[in-house]
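# Examination of the molecular architecture
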Amino acid sequence: MVKINDRYEFPLQLDLDRDNGKYLSPDADRSVRNLYSLHSVLVHSGGVHGGHYYAFIRPTLSDLWFKFDDERVTKEDIKRALEEQYGGEEELPQTNPGFNNTPFKFTKYSNAYMLVYIRDSDKDKIICHVDEKDIAEHLRVRLKKEQEEKEEKRKHKAQAHLYTIIKVAREEDLVEQIGKDIYFDLVDHDKVRSFRIQKQIKFKDFKEEVARDFGVPVQCQRFWLWAKRQNHTYRPNRPLAPPEEEQPVGQLREMMNKTNNAELKLFLEVELGLDKVPVSPPEKSKDDILLFFKLYNPEKGELRYVGRLFVKFYGRPIEILPRLIEMAGFNQDEELELFEEIKFVPGVMCEHLDKKISFRASQLEDGDIICFQKARMDNEDEFRYPDVPSYLEYVHNRQIVHFRSLERPKEDDFVLELSKVHNYDEVVERVAQQVGLDDPSKIRLTSHNCYSQQPKPQPMKFQGVEHLSDMLVHYNQTSDILYYEVLDIPLPELQGLKNLKVAFHHASKDEVVIHHIRLPKQSTVGDVINELKTKVDLSRPDAELRLLEVFYHKIYKIFPSSEKIENINDQYWTLRAEEIPEEEKDLGPHDRLIHVYHFMKETAQSQLQVQNFGEPFLLLIHEGETLAEVKMRIQKKLQVPDDAFSKWKFAFLSLGRPEYLEDSEILSNRFQRRDVYGEQYLGLEHSDAPKRSYVVNQNRHTHEKPVKIYN
């Protein structure tokens, strides 16, 4: 896919009757005049992989054009709407007028994408007056609602400083949220009823609004203030005192929430009588503590909120067991086990509560949470999380992970629920189970890059990451995506091997075959060549191979056969294997092996630059050999037709500067000097970049080449 930005003009008027209407379809109405006027131009700005759309429209076909760019509408002149959308190239204005500078041109990436024309004879039908009744009813309703919401938001924002937000959590919220939305603490304040109250209104008057909303009489309401504790938990701390209820809500909020004046958070305590009707709350003495209770069912792995109680400071948990059994709906002879939920940041702290020690001795206070369950039996091992602490630990660390195949990195293959504290072996074992693989060591994982939304370039080493949480972190971002692949050998074994991607160039066939060579890291280039010989099609049984390093159409290295492969990098450089020509095997004392590269000359920023392309190669030249003789050998080697070969120019290049050669020149004289700093090579200059000029062996000197890949 490409986007074509070439210049393409379009008219303001389009006459489809011209040339006897040859542009009209056979069934077109020929009785009318098919003269069309341009109504709008849809523009695309950008490339094939992304960009932006906007439109130029003249609503009444007058000379008045408008530009519609998202929510911004502006008047535009006809030149901007038409000529500037033709595409093509644009010249930058001269920076030094008066100097004979070559104007700098660049391609315009904003140009017309779609045109709308209206037939003149239908103009009155199409461009007619539109009033409200012409707009569909559902659109009118929607537009009116949007306008009202916009106005409401504007007023809300303008008056925000006059109001206080009060968030009221009730017992119903705790029942609804605990065990579903949250597990720790008591409530998510973002999901409770929120009131927007004028700051000067007294709190006791706010209670009237609560009475209307919740159906709880004012005298039956008792409000508790929340407090953030040092251990980062958030619990009801104390009830509001009667003098505080006389204060304006704005003053109360500022007094209670000095660090963050955004909102006032409250818990509404409502006591119900025998008939479930609200009654006045009981007096709270200094000896009374308000405790909240959660029930855990290990059989189902469920935690839920079951209620709250006032207990005596010096009382003991054993005294309230009948009430807890009643809350849970158990038989009265059921034995219970109690735990105090202390904190969950950074780790879970949930400790066993001694039923016979007083609440005071256990350091319990208003707002504390007790979790309880049936006393554990002998069969506790059959439950995954047999007690409250193990369940809360699981909830705190559980992590949903989306696994994707490394070959299909855009789509989820499966999703697993794991624990952040799972070690490497536990994670790959779960993945292996999921994909039906007996040997987890054949699973290789790769982390996700949160910024590029791609797999990281390097996979994880075997047991190279301690926990799942470490696998999911990328700098300061945490992901929930991991990539996996199934290997043909265990990963520890694979890590002792080096993978190399080698492009094999056949001596006579016009093809390049990619081979993936896998050898122990301590192997040498000679071992790579021996391995290749078993895989490739040689022109003769005794042919010898060599390994080259190619980068940007130049040869940078001929590897000695003794070089270790461990540090060879094939990620950016191309490894090329080829047969050593017979003529090179018996070099004379004055023979030279030179580099031959294809090149073009390009003008970039007013400077002439050499641009290499195609496949570079090595060539043997003999002492006293003329360029004409060398050219014949090159033409035969590359099998280029005469008409194409005659257009090539030959140059000696040193430090990127070409010196053009005559056929009579002795080529070896050019390559005598060994003290030249930098590279020197024989350059084959093409007047333009060949695309498909030659059928035979085109891969030797063009951009395009056939490639086969064998693993």
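On a predicted model such as this, the values are computed, not experimentally measured, just so you know. (Residues numbered from 1 in each chain as written. Predicted model: local features only at pLDDT ≥ 70, side-chain atom pairs only at ≥ 80, totals over all residues. Heavy atoms only, no water.)

## Thoughts on the packing of aromatic side chains
- Tallying each qualifying case throughout the model produces 31 aromatic pairs.
- Residues F414 and Y484 carry aromatic rings whose centres are separated by 5.4 Å and whose planes lie at 45 degrees to one another, so their mutual orientation is tilted. Residue F414 is located in strand β22 (residues 414–419), and its partner Y484 is located in strand β28 (residues 481–486); the two are separated by 70 residues in the primary sequence.
- The buried category is assigned to F414, whose relative accessible area is 10%.
- Centre to centre, the rings of F645 and W648 are 5.2 Å apart; their planes meet at 50 degrees, and the pair counts as tilted. Taken individually, F645 and W648 each receive the classification buried, so the pair is uniform in this respect.
- The ring of Y54 is capped by K67, whose NZ or CZ atom sits 4.5 Å from the centre of that ring.
- The ring of Y163 carries R196 above its face, with NZ or CZ at 3.9 Å from the centroid. (Phe/Tyr/Trp six-rings, centres within 6.5 Å; stacked < 30°, edge-to-face > 60°. Helix = DSSP H or I, 4+ residues; strand = E, 2+ residues; numbered from the N terminus. Buried < 20%, exposed > 50% of the residue type's maximum accessible area, 1.4 Å probe, protein only. Lys NZ or Arg CZ within 6 Å of the ring centre and 35° of its normal.)

## Overview of helix α9 (residues 321–328)
- Here α9 has its buried residues at L321, L324, I325 and A328. Relative to the axis of α9, the buried residues are bounded by an arc of 100 degrees and lie together on one face.
- One or two residues past the end of α9 sits G329, with phi positive at roughly 80 degrees. (Arc of directions from axis to C-beta.)

## Regarding the nonpolar core
- In this structure, L174, F292, Y391 and L392 are the most contacted members of the largest nonpolar core, which totals 29 residues.
- Residue assignment for this core shows that the elements contributing at least two residues are β11 (222–228), β16 (288–297), β17 (302–312), β20 (369–374) and α10 (388–397).
- For this core, the leading source of residues is α10, giving five residues.
- Each of domain 2 (161–279) and domain 3 (288–386) gives at least three residues to this core.
- With near-sequence residues (within four places) excluded, L174 lies in contact with L186, V187, F267, F292 and Y305. (Core = buried A, V, L, I, M, F, W, Y, C linked by side-chain atoms within 4.5 Å. Domains from an automatic or database assignment. Contact = heavy atoms within 4.5 Å.)

## Some details on the side chain of H474
- By secondary structure assignment, the location of H474 is in strand β26 (residues 473–474).
- By relative accessible area, H474 is classed as buried at 6%.
- A polar contact is formed between the side chain of H474 and the side chain of N449, at a distance of 3.1 Å.
- When near neighbours in sequence (up to four residues on either side) are disregarded, H474 contacts H448, N449, C450, Y451 and K456. (Polar contact = N/O pair within 3.5 Å; in protein donor to acceptor, adjacent residues only side chain to side chain.)

## A few points about the pairing of strand β2 (residues 35–47)
- For β2, the buried fraction is high: 10 of the 13 residues fall into the buried class.
- Strand direction decides the pairing type here: strand β1 (residues 13–15) and β2, joined by three bridges, are antiparallel. Looking across to β2, one finds that L14 is bridged to Y36.
- From the end of β2 to the start of strand β3 (residues 50–57), which pair antiparallel, there are two residues. (Pairing = 2+ DSSP bridges.)

## Things to note about the layout of surface pockets
- Roughly 1600 Å³ of volume is contained in the largest pocket.
- R444, P457, Q458, P459 and N499 are the residues nearest the centre of the largest pocket, which is lined by 34 residues in total.
- Residue assignment for the lining of the largest pocket shows that the elements contributing at least two residues are β23 (443–446), β28, α13 (491–495), β29 (497–505) and β30 (512–520).
- Broken down by element, the residue count for the lining of the largest pocket peaks at five residues, all from β29.
- Per-class residue counts for the lining of the largest pocket are 14 nonpolar, nine polar and 11 charged.
- The two domains that each donate at least three residues to the lining of the largest pocket are domain 4 (396–487) and domain 5 (494–580). (1 Å grid on protein atoms, 1.4 Å probe; cavity = no way out; pocket = protein on both sides within 12 Å on 5 of 7 lines; lining within 4 Å. Points joined across faces, edges and corners; volume = space filled by probe spheres on them. Nonpolar A, V, L, I, M, F, W, Y, C, P; charged D, E, K, R; others polar.)

## Remarks on the sheet that holds strand β13 (residues 263–269)
- Sheet architecture is open: five strands sit in the order β10-β9-β13-β11-β12, paired in mixed fashion. Since the sheet does not close on itself, it has two edges, and those belong to β10 (193–198) and β12 (234–239), each with one partner. Strand after strand, the sheet turns through a mean of 40 degrees between neighbouring axes, direction not considered.
- Judged from the four bridges that link them, β11 and β13 form a sheet pairing that is antiparallel. Residue W224 lies in a different strand from β13, and its bridge partner there is F267.
- Seen against the sheet, helix α6 (residues 203–214) touches β9 (163–169), β10, β11 and β13 and runs at an angle of roughly 140 degrees to β10. (Axes fitted to C-alpha atoms, helices over the stretch in contact; angles between N-to-C directions.)

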